[in-house]
Amino acid sequence: MSERREAPDPPPSRRFWGGLPIGRIFGVPIVVQPLWFLVVVLITAGLGSTIRDNVHGLSSNAAYAVALAFALLLYASVLLHELAHVFVARSLGMQVRRVVLQFLGGASEIVEENPGEPARDFMVAMAGPLCSVFLAGVGAAIAPAFEPTTVPRLFAEGFAWVNGLVAAFNLLPGFPLDGGRVLLSAVWQLTHDKTRAQFVSGWVGRVLAVALAVSALYVQNIPTGDGHRGDQVRGFYLLLLAYFIWANASWAIGRSKLSVVLPRLDIKAMTRKALSVAADLPVAEAVRRAHAAAARALVVVDSYGRPVAVVSEAAVMATPVQRQPWISVADLARPVGADLLLRSDMNGDALLAAVQQHPATEYLVVEPNGALFGVLSRADVVAALQAAGLR
Ligand SMILES: [Zn+2]
(Lines give C-alpha, C1' and ligand atoms only; values in the text may rest on other atoms or scores of the structure.)
Protein backbone atom coordinates (compact mmCIF):
# COMPACT_ATOMS: atom_id res chain seq x y z
CA MET A 1 0.00 0.00 0.00
CA SER A 2 1.28 3.41 -0.86
CA GLU A 3 0.61 6.42 1.29
CA ARG A 4 -2.09 8.64 -0.13
CA ARG A 5 -3.22 12.05 0.89
CA GLU A 6 -4.43 15.33 -0.47
CA ALA A 7 -1.92 17.30 -2.47
CA PRO A 8 -0.84 20.13 -0.14
CA ASP A 9 -1.44 22.79 -2.75
CA PRO A 10 -4.30 22.18 -5.21
CA PRO A 11 -3.68 23.05 -8.87
CA PRO A 12 -5.50 26.10 -10.31
CA SER A 13 -7.90 23.78 -12.17
CA ARG A 14 -9.39 22.79 -8.83
CA ARG A 15 -9.76 26.37 -7.62
CA PHE A 16 -12.44 27.14 -10.21
CA TRP A 17 -15.94 27.87 -8.94
CA GLY A 18 -18.11 25.12 -7.51
CA GLY A 19 -20.83 23.43 -9.48
CA LEU A 20 -24.11 21.56 -9.58
CA PRO A 21 -23.94 17.84 -8.82
CA ILE A 22 -25.86 15.96 -11.52
CA GLY A 23 -25.28 12.41 -10.37
CA ARG A 24 -22.70 9.72 -9.69
CA ILE A 25 -21.00 7.24 -12.01
CA PHE A 26 -18.77 4.47 -10.55
CA GLY A 27 -19.57 6.17 -7.22
CA VAL A 28 -17.83 9.37 -8.36
CA PRO A 29 -19.83 12.63 -8.23
CA ILE A 30 -20.32 14.37 -11.58
CA VAL A 31 -20.47 18.14 -11.23
CA VAL A 32 -21.48 20.73 -13.83
CA GLN A 33 -20.22 24.30 -13.50
CA PRO A 34 -22.81 27.07 -14.04
CA LEU A 35 -20.86 28.65 -16.93
CA TRP A 36 -21.19 25.36 -18.77
CA PHE A 37 -24.86 26.15 -19.45
CA LEU A 38 -23.90 29.46 -21.07
CA VAL A 39 -21.44 27.68 -23.36
CA VAL A 40 -24.11 25.15 -24.36
CA VAL A 41 -26.36 28.09 -25.33
CA LEU A 42 -23.51 29.72 -27.31
CA ILE A 43 -22.73 26.49 -29.17
CA THR A 44 -26.44 25.98 -29.95
CA ALA A 45 -26.77 29.53 -31.25
CA GLY A 46 -23.58 29.23 -33.28
CA LEU A 47 -24.44 25.88 -34.85
CA GLY A 48 -28.16 26.39 -35.50
CA SER A 49 -27.85 28.28 -38.79
CA THR A 50 -25.04 26.00 -40.06
CA ILE A 51 -27.24 22.95 -39.49
CA ARG A 52 -30.25 24.61 -41.17
CA ASP A 53 -28.12 25.35 -44.25
CA ASN A 54 -26.71 21.83 -44.44
CA VAL A 55 -29.78 19.68 -43.87
CA HIS A 56 -32.57 19.72 -46.46
CA GLY A 57 -36.07 20.56 -45.38
CA LEU A 58 -35.26 21.43 -41.76
CA SER A 59 -37.19 24.29 -40.13
CA SER A 60 -35.29 26.92 -38.15
CA ASN A 61 -36.67 25.65 -34.83
CA ALA A 62 -35.79 22.06 -35.65
CA ALA A 63 -32.28 23.16 -36.67
CA TYR A 64 -31.72 24.80 -33.27
CA ALA A 65 -33.10 21.74 -31.48
CA VAL A 66 -30.60 19.60 -33.40
CA ALA A 67 -27.84 22.12 -32.53
CA LEU A 68 -28.72 21.81 -28.82
CA ALA A 69 -28.66 18.02 -29.09
CA PHE A 70 -25.27 18.32 -30.78
CA ALA A 71 -23.89 20.54 -28.00
CA LEU A 72 -25.01 17.95 -25.45
CA LEU A 73 -23.47 15.17 -27.55
CA LEU A 74 -20.20 17.11 -27.52
CA TYR A 75 -20.19 17.23 -23.73
CA ALA A 76 -21.30 13.58 -23.54
CA SER A 77 -18.12 12.82 -25.53
CA VAL A 78 -16.07 14.85 -23.05
CA LEU A 79 -17.77 13.04 -20.16
CA LEU A 80 -16.99 9.62 -21.69
CA HIS A 81 -13.35 10.72 -22.08
CA GLU A 82 -13.23 11.67 -18.38
CA LEU A 83 -14.97 8.47 -17.33
CA ALA A 84 -12.26 6.48 -19.13
CA HIS A 85 -9.66 8.22 -16.88
CA VAL A 86 -11.85 7.51 -13.85
CA PHE A 87 -12.43 3.86 -14.78
CA VAL A 88 -8.70 3.12 -15.16
CA ALA A 89 -7.79 5.10 -12.03
CA ARG A 90 -10.40 3.24 -9.98
CA SER A 91 -9.35 -0.16 -11.30
CA LEU A 92 -5.78 0.67 -10.26
CA GLY A 93 -7.09 1.39 -6.77
CA MET A 94 -6.70 5.18 -7.00
CA GLN A 95 -9.25 7.56 -5.48
CA VAL A 96 -11.23 9.98 -7.63
CA ARG A 97 -12.69 13.02 -5.92
CA ARG A 98 -15.11 14.09 -8.67
CA VAL A 99 -15.51 14.75 -12.38
CA VAL A 100 -16.19 18.35 -13.35
CA LEU A 101 -17.75 19.46 -16.62
CA GLN A 102 -16.58 23.02 -17.12
CA PHE A 103 -16.88 25.35 -20.05
CA LEU A 104 -13.33 24.53 -21.10
CA GLY A 105 -14.06 20.79 -21.20
CA GLY A 106 -13.88 18.20 -18.48
CA ALA A 107 -11.57 17.36 -15.60
CA SER A 108 -11.24 14.30 -13.41
CA GLU A 109 -9.91 15.11 -9.98
CA ILE A 110 -7.82 12.04 -9.20
CA VAL A 111 -6.19 12.05 -5.77
CA GLU A 112 -2.48 12.31 -6.34
CA GLU A 113 -0.45 9.43 -4.97
CA ASN A 114 2.65 10.09 -2.95
CA PRO A 115 5.16 9.24 -4.26
CA GLY A 116 3.15 7.46 -6.98
CA GLU A 117 4.38 5.40 -9.88
CA PRO A 118 5.02 6.58 -13.47
CA ALA A 119 3.46 3.47 -15.06
CA ARG A 120 0.16 4.00 -13.22
CA ASP A 121 0.00 7.70 -14.11
CA PHE A 122 0.77 6.80 -17.73
CA MET A 123 -2.15 4.36 -17.92
CA VAL A 124 -4.59 6.81 -16.36
CA ALA A 125 -3.46 9.62 -18.70
CA MET A 126 -3.70 7.48 -21.85
CA ALA A 127 -7.18 6.14 -21.06
CA GLY A 128 -8.99 9.38 -21.98
CA PRO A 129 -7.46 9.99 -25.42
CA LEU A 130 -7.74 6.27 -26.31
CA CYS A 131 -11.45 6.40 -25.46
CA SER A 132 -11.87 9.52 -27.65
CA VAL A 133 -10.01 7.87 -30.56
CA PHE A 134 -12.30 4.84 -30.23
CA LEU A 135 -15.43 7.03 -30.22
CA ALA A 136 -14.16 8.94 -33.27
CA GLY A 137 -13.71 5.59 -35.02
CA VAL A 138 -17.25 4.56 -34.14
CA GLY A 139 -18.62 7.85 -35.55
CA ALA A 140 -16.59 7.50 -38.76
CA ALA A 141 -17.62 3.87 -39.16
CA ILE A 142 -21.37 4.38 -38.85
CA ALA A 143 -21.57 7.69 -40.78
CA PRO A 144 -21.72 6.11 -44.29
CA ALA A 145 -24.74 4.05 -43.19
CA PHE A 146 -26.88 7.22 -43.28
CA GLU A 147 -27.99 9.29 -46.26
CA PRO A 148 -25.87 12.43 -46.80
CA THR A 149 -27.35 15.75 -45.60
CA THR A 150 -29.59 14.05 -43.03
CA VAL A 151 -29.56 14.68 -39.30
CA PRO A 152 -28.23 11.18 -38.36
CA ARG A 153 -25.39 11.55 -40.87
CA LEU A 154 -24.54 15.01 -39.51
CA PHE A 155 -24.52 13.58 -35.98
CA ALA A 156 -22.29 10.63 -36.84
CA GLU A 157 -19.81 12.85 -38.69
CA GLY A 158 -19.91 15.49 -35.98
CA PHE A 159 -19.35 12.81 -33.34
CA ALA A 160 -16.30 11.53 -35.22
CA TRP A 161 -14.88 15.05 -35.62
CA VAL A 162 -15.46 16.14 -32.05
CA ASN A 163 -13.92 13.03 -30.53
CA GLY A 164 -10.99 13.18 -32.90
CA LEU A 165 -10.43 16.79 -31.89
CA VAL A 166 -10.72 15.99 -28.17
CA ALA A 167 -8.16 13.17 -28.57
CA ALA A 168 -5.74 15.28 -30.62
CA PHE A 169 -5.94 18.34 -28.35
CA ASN A 170 -5.55 16.33 -25.17
CA LEU A 171 -2.52 14.49 -26.56
CA LEU A 172 -0.56 17.77 -26.90
CA PRO A 173 2.49 17.05 -24.74
CA GLY A 174 2.24 19.89 -22.16
CA PHE A 175 0.96 19.79 -18.59
CA PRO A 176 -1.98 19.79 -17.61
CA LEU A 177 -3.16 18.07 -20.83
CA ASP A 178 -3.16 14.27 -20.97
CA GLY A 179 -0.20 14.34 -23.36
CA GLY A 180 1.69 16.42 -20.77
CA ARG A 181 0.94 13.80 -18.12
CA VAL A 182 2.18 11.12 -20.51
CA LEU A 183 5.36 13.17 -21.03
CA LEU A 184 5.67 13.59 -17.26
CA SER A 185 5.44 9.84 -16.62
CA ALA A 186 7.87 9.10 -19.47
CA VAL A 187 10.52 11.55 -18.21
CA TRP A 188 9.92 10.30 -14.68
CA GLN A 189 10.36 6.67 -15.77
CA LEU A 190 13.54 7.48 -17.70
CA THR A 191 15.23 9.76 -15.16
CA HIS A 192 13.69 8.36 -11.94
CA ASP A 193 13.22 12.01 -11.05
CA LYS A 194 9.58 13.11 -10.66
CA THR A 195 10.62 16.67 -9.87
CA ARG A 196 12.49 17.04 -13.15
CA ALA A 197 9.57 15.44 -15.02
CA GLN A 198 7.13 17.97 -13.51
CA PHE A 199 9.46 20.78 -14.47
CA VAL A 200 9.80 19.58 -18.08
CA SER A 201 6.08 18.90 -18.68
CA GLY A 202 5.24 22.22 -17.01
CA TRP A 203 7.55 24.15 -19.34
CA VAL A 204 6.21 22.39 -22.44
CA GLY A 205 2.74 23.30 -21.14
CA ARG A 206 3.76 26.96 -20.92
CA VAL A 207 5.09 26.88 -24.49
CA LEU A 208 1.78 25.35 -25.64
CA ALA A 209 -0.15 28.03 -23.79
CA VAL A 210 1.79 30.77 -25.57
CA ALA A 211 1.29 29.06 -28.95
CA LEU A 212 -2.43 28.80 -28.22
CA ALA A 213 -2.65 32.47 -27.22
CA VAL A 214 -0.90 33.50 -30.46
CA SER A 215 -3.29 31.34 -32.51
CA ALA A 216 -6.21 32.88 -30.59
CA LEU A 217 -5.13 36.39 -31.64
CA TYR A 218 -4.71 35.15 -35.21
CA VAL A 219 -8.19 33.60 -35.21
CA GLN A 220 -9.64 36.85 -33.86
CA ASN A 221 -7.98 38.99 -36.50
CA ILE A 222 -8.43 37.06 -39.75
CA PRO A 223 -11.42 38.48 -41.64
CA THR A 224 -14.25 35.97 -42.01
CA GLY A 225 -15.72 37.57 -45.16
CA ASP A 226 -19.37 37.17 -44.15
CA GLY A 227 -18.90 39.44 -41.16
CA HIS A 228 -19.51 36.68 -38.62
CA ARG A 229 -18.51 37.34 -35.02
CA GLY A 230 -18.00 33.64 -34.37
CA ASP A 231 -14.26 33.96 -34.68
CA GLN A 232 -14.20 36.60 -31.93
CA VAL A 233 -15.93 34.14 -29.63
CA ARG A 234 -13.65 31.29 -30.70
CA GLY A 235 -10.60 33.49 -30.25
CA PHE A 236 -11.72 34.48 -26.75
CA TYR A 237 -12.36 30.83 -25.90
CA LEU A 238 -8.87 29.88 -27.10
CA LEU A 239 -7.40 32.71 -25.00
CA LEU A 240 -9.17 31.38 -21.90
CA LEU A 241 -7.89 27.91 -22.70
CA ALA A 242 -4.36 29.31 -23.09
CA TYR A 243 -4.63 31.02 -19.71
CA PHE A 244 -5.95 27.84 -18.09
CA ILE A 245 -3.05 25.79 -19.47
CA TRP A 246 -0.52 28.48 -18.48
CA ALA A 247 -1.81 28.62 -14.89
CA ASN A 248 -1.74 24.85 -14.45
CA ALA A 249 1.64 24.46 -16.15
CA SER A 250 3.05 27.16 -13.85
CA TRP A 251 1.61 25.30 -10.89
CA ALA A 252 3.48 22.14 -11.99
CA ILE A 253 6.72 24.13 -12.29
CA GLY A 254 6.12 25.65 -8.85
CA ARG A 255 5.48 22.20 -7.39
CA SER A 256 8.72 20.91 -8.85
CA LYS A 257 10.68 23.80 -7.30
CA LEU A 258 8.84 23.24 -4.01
CA SER A 259 9.85 19.57 -3.93
CA VAL A 260 13.46 20.67 -4.18
CA VAL A 261 13.11 23.09 -1.26
CA LEU A 262 10.76 21.10 1.00
CA PRO A 263 13.20 18.44 2.21
CA ARG A 264 15.45 21.32 3.35
CA LEU A 265 12.74 22.84 5.55
CA ASP A 266 13.74 22.03 9.11
CA ILE A 267 10.81 22.37 11.49
CA LYS A 268 13.03 22.41 14.59
CA ALA A 269 15.23 25.19 13.20
CA MET A 270 12.18 27.36 12.44
CA THR A 271 10.40 26.75 15.73
CA ARG A 272 10.62 29.49 18.35
CA LYS A 273 11.56 28.55 21.86
CA ALA A 274 8.44 28.83 24.01
CA LEU A 275 7.91 29.37 27.72
CA SER A 276 5.20 27.34 29.46
CA VAL A 277 3.09 29.47 31.80
CA ALA A 278 -0.02 29.00 33.94
CA ALA A 279 -3.22 30.65 32.74
CA ASP A 280 -3.48 33.11 35.65
CA LEU A 281 0.06 34.53 35.34
CA PRO A 282 0.03 38.31 34.67
CA VAL A 283 1.22 39.17 31.15
CA ALA A 284 3.98 41.49 32.46
CA GLU A 285 5.50 38.69 34.56
CA ALA A 286 5.18 36.19 31.67
CA VAL A 287 6.99 38.61 29.35
CA ARG A 288 9.74 39.17 31.93
CA ARG A 289 10.27 35.41 32.36
CA ALA A 290 10.23 34.87 28.60
CA HIS A 291 12.98 37.49 28.15
CA ALA A 292 15.02 35.91 30.92
CA ALA A 293 14.68 32.48 29.30
CA ALA A 294 15.34 33.87 25.79
CA ALA A 295 11.95 32.45 24.78
CA ARG A 296 10.03 34.15 21.99
CA ALA A 297 6.59 32.63 22.58
CA LEU A 298 4.22 31.91 25.46
CA VAL A 299 2.25 28.70 25.79
CA VAL A 300 -0.44 28.25 28.42
CA VAL A 301 -0.35 24.83 30.04
CA ASP A 302 -2.97 23.15 32.23
CA SER A 303 -2.28 21.75 35.71
CA TYR A 304 -0.89 18.57 34.09
CA GLY A 305 1.57 20.58 32.01
CA ARG A 306 -0.27 19.94 28.75
CA PRO A 307 -0.28 22.84 26.26
CA VAL A 308 -3.82 24.23 25.86
CA ALA A 309 -3.42 27.72 24.40
CA VAL A 310 -0.89 29.98 22.76
CA VAL A 311 -0.25 33.68 23.23
CA SER A 312 0.74 35.33 19.98
CA GLU A 313 3.54 37.85 19.82
CA ALA A 314 1.11 40.24 18.10
CA ALA A 315 -1.37 40.01 20.98
CA VAL A 316 1.36 40.93 23.51
CA MET A 317 2.59 43.80 21.33
CA ALA A 318 -0.96 45.13 21.03
CA THR A 319 -1.33 45.31 24.81
CA PRO A 320 -0.07 48.62 26.36
CA VAL A 321 2.84 48.02 28.75
CA GLN A 322 1.05 49.76 31.63
CA ARG A 323 -1.86 47.32 31.35
CA GLN A 324 0.30 44.18 31.19
CA PRO A 325 0.63 43.69 34.99
CA TRP A 326 -3.16 43.72 35.35
CA ILE A 327 -4.25 41.13 32.83
CA SER A 328 -3.49 37.43 32.82
CA VAL A 329 -2.04 35.48 29.89
CA ALA A 330 -5.39 33.64 29.64
CA ASP A 331 -6.96 36.91 28.45
CA LEU A 332 -4.61 37.04 25.46
CA ALA A 333 -4.33 33.31 24.81
CA ARG A 334 -5.98 31.51 21.95
CA PRO A 335 -6.95 27.86 22.54
CA VAL A 336 -5.20 25.37 20.30
CA GLY A 337 -6.96 22.26 19.04
CA ALA A 338 -5.37 19.07 17.79
CA ASP A 339 -5.29 20.48 14.26
CA LEU A 340 -2.78 23.17 15.28
CA LEU A 341 -0.43 20.65 16.87
CA LEU A 342 2.61 19.76 14.75
CA ARG A 343 5.15 17.09 15.52
CA SER A 344 8.79 18.12 15.67
CA ASP A 345 9.80 15.15 13.46
CA MET A 346 7.54 16.16 10.54
CA ASN A 347 9.35 16.43 7.22
CA GLY A 348 8.97 19.37 4.85
CA ASP A 349 6.20 17.86 2.73
CA ALA A 350 4.01 16.86 5.69
CA LEU A 351 4.70 20.19 7.39
CA LEU A 352 3.56 22.22 4.38
CA ALA A 353 0.42 20.06 3.98
CA ALA A 354 -0.48 20.56 7.67
CA VAL A 355 0.09 24.32 7.56
CA GLN A 356 -1.95 24.71 4.37
CA GLN A 357 -4.84 22.54 5.55
CA HIS A 358 -5.21 24.44 8.82
CA PRO A 359 -4.36 28.07 8.25
CA ALA A 360 -3.37 29.80 11.50
CA THR A 361 -0.77 32.33 12.58
CA GLU A 362 0.83 30.04 15.18
CA TYR A 363 1.20 26.31 15.70
CA LEU A 364 2.36 24.33 18.69
CA VAL A 365 5.23 22.00 17.98
CA VAL A 366 5.43 18.96 20.23
CA GLU A 367 8.03 16.21 20.56
CA PRO A 368 6.92 12.69 19.53
CA ASN A 369 6.43 11.97 23.28
CA GLY A 370 3.97 14.90 23.57
CA ALA A 371 6.30 17.33 25.35
CA LEU A 372 6.19 20.94 24.18
CA PHE A 373 9.02 21.83 21.81
CA GLY A 374 8.03 25.37 20.87
CA VAL A 375 5.82 27.58 18.71
CA LEU A 376 5.99 27.69 14.94
CA SER A 377 4.81 30.91 13.35
CA ARG A 378 3.32 30.67 9.87
CA ALA A 379 5.25 33.81 8.96
CA ASP A 380 8.51 31.96 9.70
CA VAL A 381 7.54 29.14 7.29
CA VAL A 382 6.67 31.65 4.57
CA ALA A 383 9.95 33.51 5.21
CA ALA A 384 11.90 30.24 4.89
CA LEU A 385 10.18 29.51 1.55
CA GLN A 386 10.84 33.05 0.37
CA ALA A 387 14.49 32.78 1.37
CA ALA A 388 14.64 29.71 -0.88
CA GLY A 389 13.21 31.77 -3.76
CA LEU A 390 9.62 30.52 -3.56
CA ARG A 391 6.23 32.08 -2.93
ZN1 LIG B 1 -8.16 13.58 -20.50
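Residues numbered from 1 in each chain as written. Predicted model: local features only at pLDDT ≥ 70, side-chain atom pairs only at ≥ 80, totals over all residues.

(A) Just the overall build of the protein chain, in detail. From N to C terminus, the protein chain includes 13 helices and eleven strands. Along the first, second and third principal axes, the C-alpha set of the protein chain runs to 90 × 45 × 40 Å. Buried positions account for 33% of the 391 residues belonging to the protein chain. The long-range share in the protein chain, meaning contacts at least 24 apart out of those at least 6 apart in sequence, stands at 62%. (Helix = DSSP H or I, 4+ residues; strand = E, 2+ residues; numbered from the N terminus. Buried ≥ 20, exposed ≤ 12 C-beta atoms within 10 Å, placed from the backbone. Contact = placed C-beta atoms within 7 Å.)

(B) Main features of the sheet that holds strand β6 (residues 297-301). Spatially, four strands are ordered β5-β6-β7-β8 in an open sheet, and the strand pairing comes out mixed. In the strand order of this sheet, the two ends are held by β5 (274-277) and β8 (334-335), each with one partner. Sheet analysis places β5 next to β6, joined by four bridges and oriented parallel. Looking at β6, one finds that Leu275 is bridged to Leu298. (Pairing = 2+ DSSP bridges.)

(C) Region of the structure containing the confidence of the model for the protein chain. In the predicted model, the protein chain carries a mean pLDDT of 84, and 92% of its residues have values of at least 70. Per-element confidence in the protein chain is highest for helix α3 (residues 118-142), whose mean pLDDT is 94, and lowest for helix α12 (residues 348-357), whose mean pLDDT is 75. A low-confidence stretch, residues 1-8 (pLDDT under 50), is modelled with twelve contacts involving residues beyond four sequence positions or located in other chains. (pLDDT = per-residue confidence, 0-100.)

(D) Looking closely at the sheet that holds strand β11 (residues 372-377). Ordered in space as β9-β10-β11, the three strands form an open sheet in which the pairing is mixed. The sheet is open, and its two edges are formed by β9 (341-343) and β11, each paired on a single side. Along the sheet, successive strands turn relative to each other by an average axial angle of 35 degrees, direction set aside. Of the strand pairs in this sheet, strand β10 (residues 362-366) and β11 are connected by five bridges, and their pairing is antiparallel. Paired with Val365 across the bridge in β11 is Gly374. (Axes fitted to C-alpha atoms, helices over the stretch in contact; angles between N-to-C directions.)

(E) Region of interest: the domain arrangement of the protein chain. Partitioning the protein chain into structural domains gives domain 1 (12-264) and domain 2 (267-387). Taken together, the contact pairs four residues of domain 1 with five residues of domain 2. Of the residues assigned to the side of domain 1 that touches domain 2, the class counts are three nonpolar, no polar and one charged. (Domains from an automatic or database assignment. Nonpolar A, V, L, I, M, F, W, Y, C, P; charged D, E, K, R; others polar.)

(F) View of the packing of helix α2 (residues 60-91) against α3. In the contact formed by α2 and α3, the axes pass within 8 Å of each other and the chain directions differ by 140 degrees. The two elements α2 and α3 meet at a crossing, and its hand is right-handed. Here α2 contributes Ser77, Leu80, His81, Glu82, Ala84, His85, Phe87, Val88 and Ala89 to the contact with α3, which in turn contributes Met123, Val124, Ala127, Gly128, Leu130, Cys131, Ser132 and Leu135. (Left-handed = near helix turned anticlockwise from the far one by under 90°.)

(G) Structural detail: α3. For α3, which comprises 25 residues, the first-to-last C-alpha distance of 37 Å matches the rise-based estimate of 36 Å (1.5 Å per residue) to within 8%. Ala127 marks the point of greatest bend in α3, at about 30 degrees, and the proline Pro129 comes within the next four residues. Three or more residues of α3 are buried, namely Asp121, Val124, Ala125, Ala127, Gly128, Pro129, Cys131, Ser132, Leu135, Ala136 and Gly139. Of the surrounding elements, those touching the buried residues of α3 are α2, β4 (105-110), α4 (151-170) and α5 (178-191). (Expected span 1.5 Å × (residues − 1). Bend = angle between axes of the 7 residues up to and from the residue.)

(H) Region of interest: the nonpolar core. Core analysis: the biggest nonpolar cluster contains 59 residues, and Ala89, Ala209 and Ile245 have the highest contact counts within it. Ranked by residue count, the leading element in this core is α2, at eleven residues. Non-local contacts of Ile245, meaning those with residues more than four positions away in its chain, are made with Gly174, Pro176, Gly205, Leu208, Ala209 and Leu212. Judged by nonpolar contacts, the second largest core, of 26 residues, contains Ala274, Val299, Tyr363 and Leu364. (Core = buried A, V, L, I, M, F, W, Y, C linked by C-beta atoms within 7 Å.)

(I) Region of the structure containing the packing of helix α1 (residues 34-54) against α2. Between α1 and α2, the least distance of the axes is 7 Å, while the angle of their chain directions is 130 degrees. Our classification of the angle between α1 and α2 gives oblique. Considering how the two elements wind past one another, α1 and α2 form a crossing that is right-handed. Facing α1, whose interface residues are Val40, Ile43, Thr44, Leu47, Gly48, Ile51 and Arg52, α2 presents Ser60, Ala63, Tyr64, Val66, Ala67, Leu68, Phe70, Ala71 and Leu74. The class makeup of the residues in the contact of α1 with α2 is twelve nonpolar, three polar and one charged. (Parallel < 35°, antiparallel > 145°, perpendicular 65-115°, else oblique.)

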